[in-house]
Amino acid sequence: MDGANPADGPTLIRVRQSGPLAGTVRVSGAKNSALKLMAASLLAEGRFTLHDVPRIADVRWMGELLEQMGVGVSQKGDVLTLDVPETVTPEAPYELVERMRASIVVLGPLLGRFGTARVSVPGGDDFGHRPIDMHLRGLEELGATFTTSHGYIQGRADHLEGAAVLLPYPSVGATENLLMAAVLARGTTVIDNAAREPEIADLAAFLNAMGARVDGAGSSTITIKGVDGLTAVEHTVVPDRIEAATYMAAVGMAGGEVEVAGARPEHMEMLLSKLVEMGLHISPTANGVSVKASGKPHSVDLATLPYPGVATDYQPLLVTLLAVADGVGIVTENVFGGRFRYIDELVRMGADIRAEGHHAVIRGVAALSGAPVRAPDIRAGAALVIAGLVADGETLIGDAHHVERGYQDIVGNLASLGADVSYSVSG
Ligand code: EPU
């Protein structure tokens, strides 16, 4: 794969107080769909062409994983080509899974097509404990068996058999693994309490284009009628709602008026209603969404939930807006236990936030103050970038490679809107 990604070089993002923002920014295809579509390509031999694939580290890593399995992978601009052979090496090694937990989504397609998979057990991460029990239990209900030794899960299935699977929680990854395993299973699978994210609907559309028979994706009940074989296809990745939210939050912080082209308002209704409650003006345009803001955001309370609730990925952006809002907001994080760890970094910038367990109480302050901070993960890193837009002086965000895992060019895009933001090589 070509490596036109700034993550190769800079490790710092430098932000100076900026605003108001103006212009148009275009969002990429969604990381969290592209990675799963790449995994789903394992289900059929032939050449796949994916459009609007972001040039980000996670996509390169998934590409490396597929290459190790024997898939030909090439990205030119935002077009990704995958040449999937008749057989692959059905293994996801520790080095790659450890770097990117999302690698676990190769389990379902490998079991579905080849009846065997050896995948490193993903560890915890910055969000804390991240089990995969629902993935494994669901696949067992389709007839797979698993043994674990030396840090690897070995999965086997002579053939998968359709079954009724009730997920205890609408896990995105478990729904995806089950969906990809079930498309080639014998008979009908019904996934109940399935995740409803737009990226799941995108995966189902991709699978159906390949010849699968998936019904109900995007709702809580997905029905999959197994087919004998699938074919390679061309597909355009659904736009990234989290990237869109990032630019909207940037306008909420710095003020101004920006069109976020490619944003799909129907994929972010709950977020948009929260942003409107916070005082942002949002209206659909022919190409996406226009967002306008001036003055301080209003404080609100909110809780993260599976889709269609306010996504956990928006949470650091919303906490950052609340950090400079005109009152007190309470944020409850219901999806990931450890997703408030970045708050100490905002506090270093002068935010008044008290986090306790799943709750954070955010008292808006008059101003933030630029400081050196560290990006603990993708979305928190993006939140620190937008915090820097209103902070007095200069904010230097270290470990910026985390941000580059999920954003193709957050620096270039914000700069094109007038923000004073640039890469800076440490040392
Ligand atoms: N969970 C279990 N057991 C399981 C699976 C999940 O207990 O078998 C728990 C998790 O520990 C977590 C909750 O269920 O507390 C939700 O996890 P889910 O499986 O829904 O999330 P995921 O598939 O691991 C994806 C995105 C995340 C996003 C979440 C929630 C990808 C690659 N990742 O993770 O995105 O936050 O869904 O929407 O699609 C990001 O893009 O930065 C990111 C972290």
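Colleague: In this structure, what is going on with the overall build of the protein? I would like to understand it.
Modeller: A count of helical and extended segments in the protein gives 14 helices and 26 strands. For 427 residues, the compact-globule estimate of 2.2 N^0.38 gives 22 Å, and the protein sits close to it at 21 Å. Dimensions of the protein, computed from the C-alpha atoms along their principal axes, are close to 65 × 45 × 40 Å. Put simply, the protein has 427 residues, and 58% of those count as buried. Taking as baseline every contact in the protein between residues at least 6 positions apart, the subset at least 24 positions apart corresponds to 75%.

Colleague: So what exactly am I meant to see when it comes to unusual backbone geometry here?
Modeller: Among all residues save glycine, negative phi is the norm, and among peptide bonds the norm is trans. Residues Gly-19 and Pro-20 are joined by a peptide bond in cis, for which omega reads -5 degrees. With respect to the secondary-structure elements, Pro-20 resides in the loop between strand 1 (12–16) and strand 2 (21–26). Of the consecutive residues Tyr-307 and Pro-308, the connecting peptide bond is found in the cis state with omega at 10 degrees. Here the phi dihedral of His-150 falls at roughly 50 degrees; this positive angle occurs in a residue that is not glycine.

Colleague: Hey, could you run me through helix 1 (residues 31–40) in this one?
Modeller: The periodicity of an α-helix, 3.6 residues per turn, causes residues three or four positions apart to be oriented the same way. By the criterion of burial, helix 1 is predominantly enclosed, with nine of the ten residues buried. Those residues of helix 1 not exposed but buried are Lys-31, Ser-33, Ala-34, Leu-35, Lys-36, Leu-37, Met-38, Ala-39 and Ala-40.

Colleague: Explain the packing of helix 1 against helix 2 (residues 57–69) to me, please; I cannot follow it from the model alone.
Modeller: Where helix 1 contacts helix 2, the two axes come as close as 10 Å, and the packing angle between them is 5 degrees. Viewed along their axes, helix 1 and helix 2 adopt a mutual orientation that is roughly parallel. Each of Lys-31, Ala-34, Leu-35 and Met-38 in helix 1 lies in contact with helix 2, whose residues at this interface are Asp-58, Val-59, Met-62, Gly-63 and Leu-66. Grouping the amino acids of the contact of helix 1 with helix 2 by side-chain chemistry returns six nonpolar, one polar and two charged.

Colleague: Looking at this structure, how should I read the side chain of Gln-315?
Modeller: Assignment of secondary structure puts Gln-315 in helix 10 (residues 315–323). The class of Gln-315 is buried, set by a relative accessible area of 0%. Setting aside residues no more than four positions away along its own chain, Gln-315 makes contact with Thr-304, Val-331, Glu-333, Arg-339, Phe-340 and Tyr-342.

Colleague: Would you explain the site of the ligand in this entry?
Modeller: Close to the ligand lie 23 residues, the nearest being Lys-36, Asp-133, Met-134, Ser-171 and Val-335. Here Met-134 contributes a backbone N or O atom positioned 2.8 Å from an oxygen atom of the ligand. Separating an oxygen atom of the ligand from a backbone N or O atom of Gly-173 is a distance of 2.9 Å. For the ligand, the protein covers 86% of the area, taking 830 Å² as the surface of the free molecule. Of the residues in the shell around the ligand, the class split is ten nonpolar, six polar and seven charged. Taken domain by domain, the makeup of the shell around the ligand includes at least three residues from each of domain 1 (12–27 + 239–424) and domain 2 (31–236).

Colleague: Looking at this structure, I do not really get the confidence of the model for the protein. What am I missing?
Modeller: Any residue range with low pLDDT should be treated as having predicted coordinates unsuitable for detailed reading. When pLDDT is averaged across the protein, the result is 95; 97% of the residues are at 70 or more. Here residues 1–7 scores under 50 on pLDDT; set against residues more than four positions off or in separate chains, the count is 24 contacts.

Colleague: Help me out: how do you make sense of the nonpolar core in this one?
Modeller: Among soluble globular proteins, nonpolar side chains are generally buried collectively. In this structure, Val-106 and Leu-207 are the most contacted members of the largest nonpolar core, which totals 77 residues. Those residues in contact with Val-106 that lie beyond four places of it in its chain are Ala-39, Leu-42, Met-62, Leu-65, Met-69, Ala-92, Val-119 and Asn-177. In terms of nonpolar packing, the next biggest core, distinct from the first, is built from 76 residues, Val-258, Ile-362, Val-403 and Val-411 among them.

Colleague: I tried to follow the sheet that holds strand 15 (residues 256–261) on my own but got confused; where do I start?
Modeller: By way of backbone hydrogen bonds, the strands of a sheet pair with one another, either parallel or antiparallel. With respect to topology, four strands assemble into an open sheet ordered 2-15-17-16, the strand pairing being mixed. Because the sheet does not close on itself, it has two edges, and the strands there are strand 2 and strand 16 (281–284). In this sheet, neighbouring strand axes are inclined to one another by 15 degrees on average, regardless of whether the strands run parallel or antiparallel. With six bridges connecting them, strand 15 and strand 17 (residues 288–293) associate as antiparallel partners. When the sheet's bridge partners are listed, Val-258 is paired in strand 17 with Val-291. The strands that helix 8 (residues 241–254) touches are strand 2, strand 15 and strand 17; relative to strand 15, the one it contacts most, it runs at about 175 degrees.

Colleague: Where do I start with the pattern of salt bridges in this structure?
Modeller: Two side chains of opposite charge can pair, provided their charged atoms sit close to one another. As enumerated under the stated definition, the model contains 18 salt bridges in all. Of the charged contacts, one joins Arg-47 and Asp-83 as a salt bridge, the two residues approaching to 2.9 Å between their closest N and O atoms. Taken together, the positions of Arg-47 in strand 3 (residues 46–51) and Asp-83 in strand 5 (residues 79–84) put the pair 36 residues apart, joining distant regions of the chain. Put simply, Arg-339 and Asp-313 hold a salt bridge, and the shortest N to O gap is 3.2 Å. Of the two residues, Arg-339 sits in the loop between strand 19 (328–332) and helix 11 (343–348) while Asp-313 sits in the loop between strand 18 (302–303) and helix 10, which places them 26 residues apart along the sequence. Its relative accessible area of 3% is what places Arg-339 among the buried residues. The exposure class assigned to Asp-313 is buried, which follows from its relative accessible area of 16%. Each member of the salt-bridge network shares a partner with another, and the members are Arg-14, Arg-16, Glu-394 and Asp-420.

Cut-offs used in this document
Residues numbered from 1 in each chain as written. Predicted model: local features only at pLDDT ≥ 70, side-chain atom pairs only at ≥ 80, totals over all residues. Heavy atoms only, no water. Helix = DSSP H or I, 4+ residues; strand = E, 2+ residues; numbered from the N terminus. Rg over C-alpha atoms; globule rule 2.2 N^0.38 Å. Buried < 20%, exposed > 50% of the residue type's maximum accessible area, 1.4 Å probe, protein only. Contact = heavy atoms within 4.5 Å. Axes fitted to C-alpha atoms, helices over the stretch in contact; angles between N-to-C directions. Parallel < 35°, antiparallel > 145°, perpendicular 65-115°, else oblique. Nonpolar A, V, L, I, M, F, W, Y, C, P; charged D, E, K, R; others polar. Near = heavy atom within 4 Å. Polar contact = N/O pair within 3.5 Å; in protein donor to acceptor, adjacent residues only side chain to side chain. Areas by Shrake-Rupley, 256 points an atom, 1.4 Å probe, with all protein chains shown as cover. Domains from an automatic or database assignment. pLDDT = per-residue confidence, 0-100. Core = buried A, V, L, I, M, F, W, Y, C linked by side-chain atoms within 4.5 Å. Pairing = 2+ DSSP bridges. Salt bridge = Lys/Arg side-chain N within 4 Å of Asp/Glu carboxyl O.

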